[in-house]
Amino acid sequence: MSDLFLGVEIGATKQQIALGNEKGRLLHIWSDKIPLPNGAQDVLEYITQKIPHILEKARELNGTLKGVGVGFGGPLESETGRVLISVQVEGWKDFRLKNWFAEKFGLPVRIVNDTVCGGYGELLCGAGINSRIFFYSNIGSGIGGAFFINGVNYDGQGRGAVYIGHTYIPDWTVKEPGKKEKTENICCGLGIERRLRSEGYVPGDSALFQMCGGDVSGLNCNMLGQAARQGDAFALSEIDRVAYSYSIALSNFVTLFSPDTIAIGGGVANLGELLIKPIADYTNELVFISSKDTFKVVQCKNMDNAVLVGAVLYAKDEYRAGR
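Computed from a predicted model, the values in this text were never measured in an experiment.

I would appreciate a short explanation of the overall build of the protein chain in the present structure.
For the protein chain, the count of helices and strands is ten helices and 14 strands. Computed over the C-alpha atoms, the radius of gyration of the protein chain is 20 Å, within 12% of the 20 Å expected from 2.2 N^0.38 for a compact globule of 323 residues. Along the longest, intermediate and shortest principal axes, the C-alpha atoms of the protein chain span 60 × 50 × 35 Å. Looking at the 323 residues of the protein chain, the share that counts as buried comes to 52%. Summing over all exposed atoms, the protein chain offers an accessible surface of approximately 14600 Å²; the carbon and sulfur share of this is 49%. Computing the positive centroid from 32 side-chain charges and the negative centroid from 35, the protein chain places the two 5 Å apart.

The following block contains the structure:
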């Protein structure tokens, strides 16, 4: 019988569960977008319903479940696994998530911010291998950050740190001079799609407008990428604006902490070099001279599975530590 570990990703738009081995290799994945009219309760019921299937699949894989790792989409108290709040889903405030999983599975449990999980997966099994000062950021429904120094996550005072999406940058979406906005609200997938779906924002001569037949209510980041690859001027300029705005926040971080490798994941990062290259170029342009040409910006290798890989590895660590 082999040791298996459960990785769980609790997000705002998608819930994922995986069984993996001690090396972070994912052996089976459940991935679903579920409606959340009751917020956190719907997520907990979804996980509860999956438990029999998880245990059955573990037996099919000739393995024994040894630990649980959870990547949660929001700030939490690292030592206790108590959720502080979710900025996107109701019902999580002060929820003792570690206790809930421990009661459900009777196994060692590690609760970590989802971006930290994604960063840990990339550090050990992706773009961060051999990196000494590693920064990971996801650009998806929200924007997060995780910072690893010599393989150890920097956790501040035990409530997480490096929440880059909640730093402020100039807001080019309004005419008011000097207006600021959170990086997340301008550059995350939901922010981009809100703009694209606003009446009159996408010009009528854009390939993007033709692509949706004039009904902008269904436009998304994937379609933005398709239009950009066709050479559409509006789509290319929108991605460029996002890249520049994000690079302002990122260049401040690089100037302060000088990482050697920056990996970007999340759904918006699926735009690939259309987004990653201008972020790399703008960041290198904006950083202080001490950091110029000393770092690389790359796309995350594990992409949609990054959080799951990290969660499985954290579950293994918790089990090995005997907690």
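Help me understand the environment of Gly-11 in this model?
The residue Gly-11 is located in the loop between strand S1 (2–10) and strand S2 (15–20) in this model. Classification of Gly-11 as buried rests on a relative accessible area of 18%. Expressed as a C-alpha distance, the spacing of Gly-11 and Lys-50, which sit 39 residues apart in the sequence, is 16 Å.

Looking at this structure, how should I read unusual backbone geometry?
Only a minority of non-glycine residues have a phi that is not negative, and only a minority of peptide bonds are not trans. Here the phi dihedral of Asn-130 falls at roughly 75°; this positive angle occurs in a residue that is not glycine. Within the secondary structure, Asn-130 sits in the loop between helix H3 (114–125) and strand S8 (133–139). On the basis of relative accessibility, which here comes to 78%, the residue Asn-130 falls in the exposed class. Phi is positive for Asp-293, close to 65°, though the residue is something other than glycine. Within the secondary structure layout, Asp-293 lies in the loop between helix H9 (273–286) and strand S14 (296–299).

What exactly am I supposed to notice about the pairing of strand S7 (residues 109–113) here?
Note on strand geometry: in a regular strand, side chains alternate between the two faces of the sheet. For S7, the tally of buried residues reaches four of five residues, placing the bulk of the element in the interior. As judged from the five bridges shared by strand S4 (residues 63–72) and S7, these two strands associate in the parallel manner. Pairing of Phe-72 across the sheet is with Asn-113, part of S7.

So what exactly am I meant to see when it comes to the sheet that holds S2 here?
Note on sheets: strands pair through backbone hydrogen bonds, and any given pair is parallel or antiparallel. As summarised here, the arrangement of the five strands in space is S3-S2-S1-S4-S7, forming an open sheet in which the pairing is mixed. Every interior strand has two partners, whereas the edge strands, strand S3 (26–32) and S7, have only one. Averaged over all neighbouring strand pairs, the angle between strand axes comes to 20°, with direction disregarded. For S1 and S2, the ladder comprises six bridges, and the chain directions are antiparallel. Within S2, the position partnered with Gly-7 by the bridge is Ala-18. In the packing of H3 onto the sheet, the strands contacted are S4 and S7, and the crossing angle to S7 comes to about 100°.

Would you mind showing me how to read the packing of aromatic side chains here?
Given two aromatic rings, one states the distance between the centres and the angle between the planes to describe the pair. Taken as a whole and assessed by the stated rule, the structure comprises 14 aromatic pairs. Grouped by ring-pair contacts, the aromatic residues Tyr-120, Phe-134, Phe-148 and Tyr-314 constitute a single cluster. Over the ring of Tyr-168 we find Lys-180; its NZ or CZ atom is 5.9 Å from the centre of that ring.

Hey, could you run me through the nonpolar core in this one?
Side chains of a nonpolar character, in soluble globular proteins, are inclined to be buried together. Residues Phe-135, Leu-208, Tyr-246, Ile-264, Leu-275 and Ile-279 are the most contacted members of the largest nonpolar core, which totals 72 residues. Here this core gets eleven residues from one element, more than from any other, and that element is helix H8 (residues 233–257). Residue contacts for Tyr-246: discarding those within four places in its chain leaves Phe-135, Ser-137, Ile-139, Ile-143, Thr-183, Cys-187, Ile-264 and Ile-279. In this structure, Ile-17, Tyr-46, Ile-54 and Phe-72 belong to the second largest nonpolar core, which totals 30 residues.

Explanation requested: the pattern of salt bridges in the structure shown.
Note that side chains of opposite charge can pair when their charged atoms are close. By the definition in use, this model includes 13 salt bridges. A salt bridge links Arg-82 to Glu-77; the shortest N-O distance between them is 3.2 Å. On the accessibility criterion, Glu-77 (22% relative accessible area) is partly exposed. Between Glu-238 and Arg-195 there is a salt bridge, with the nearest N and O atoms lying 2.9 Å from each other. Separated by 43 residues along the polypeptide, Glu-238 in helix H8 and Arg-195 in helix H5 (residues 189–196) bring together distant segments of the chain. Owing to a relative accessible area of 9%, Arg-195 belongs among the buried residues under this scheme. The network of salt bridges with common partners includes Asp-3, Glu-22 and Arg-320.

Where do I start with empty space enclosed by the protein in this structure?
The method is simple in principle: a probe with the dimensions of a water molecule rolls over the atoms, and the space it marks as empty is what remains. Overall, the coordinates contain one cavity of 30 Å³ or more when judged by the stated rule. Of the volumes computed, that of the largest cavity is approximately 40 Å³. Of the residues that constitute the lining of the largest cavity, the class distribution is five nonpolar, four polar and no charged.

Whenever I open this one, the state of the cysteines confuses me. Can you help?
Between two cysteines, a covalent bond joining their sulfur atoms is known as a disulfide. Here the structure, examined in full by the defined rule, presents zero disulfides. Looking at the unpaired Cys-125, the closest cysteine sulfur is the one in Cys-300, lying at 11 Å.

Scoring rules and cut-offs
Residues numbered from 1 in each chain as written. Predicted model: local features only at pLDDT ≥ 70, side-chain atom pairs only at ≥ 80, totals over all residues. Heavy atoms only, no water. Helix = DSSP H or I, 4+ residues; strand = E, 2+ residues; numbered from the N terminus. Rg over C-alpha atoms; globule rule 2.2 N^0.38 Å. Buried < 20%, exposed > 50% of the residue type's maximum accessible area, 1.4 Å probe, protein only. Areas by Shrake-Rupley, 256 points an atom, 1.4 Å probe, with all protein chains shown as cover. Lys, Arg positive; Asp, Glu negative; His and termini not counted. Charge placed at Lys NZ, Arg CZ, Asp CG, Glu CD. Pairing = 2+ DSSP bridges. Axes fitted to C-alpha atoms, helices over the stretch in contact; angles between N-to-C directions. Contact = heavy atoms within 4.5 Å. Phe/Tyr/Trp six-rings, centres within 6.5 Å; stacked < 30°, edge-to-face > 60°. Lys NZ or Arg CZ within 6 Å of the ring centre and 35° of its normal. Core = buried A, V, L, I, M, F, W, Y, C linked by side-chain atoms within 4.5 Å. Salt bridge = Lys/Arg side-chain N within 4 Å of Asp/Glu carboxyl O. 1 Å grid on protein atoms, 1.4 Å probe; cavity = no way out; pocket = protein on both sides within 12 Å on 5 of 7 lines; lining within 4 Å. Points joined across faces, edges and corners; volume = space filled by probe spheres on them. Nonpolar A, V, L, I, M, F, W, Y, C, P; charged D, E, K, R; others polar. Disulfide = S-S within 2.5 Å.

By themselves these figures say nothing about function.
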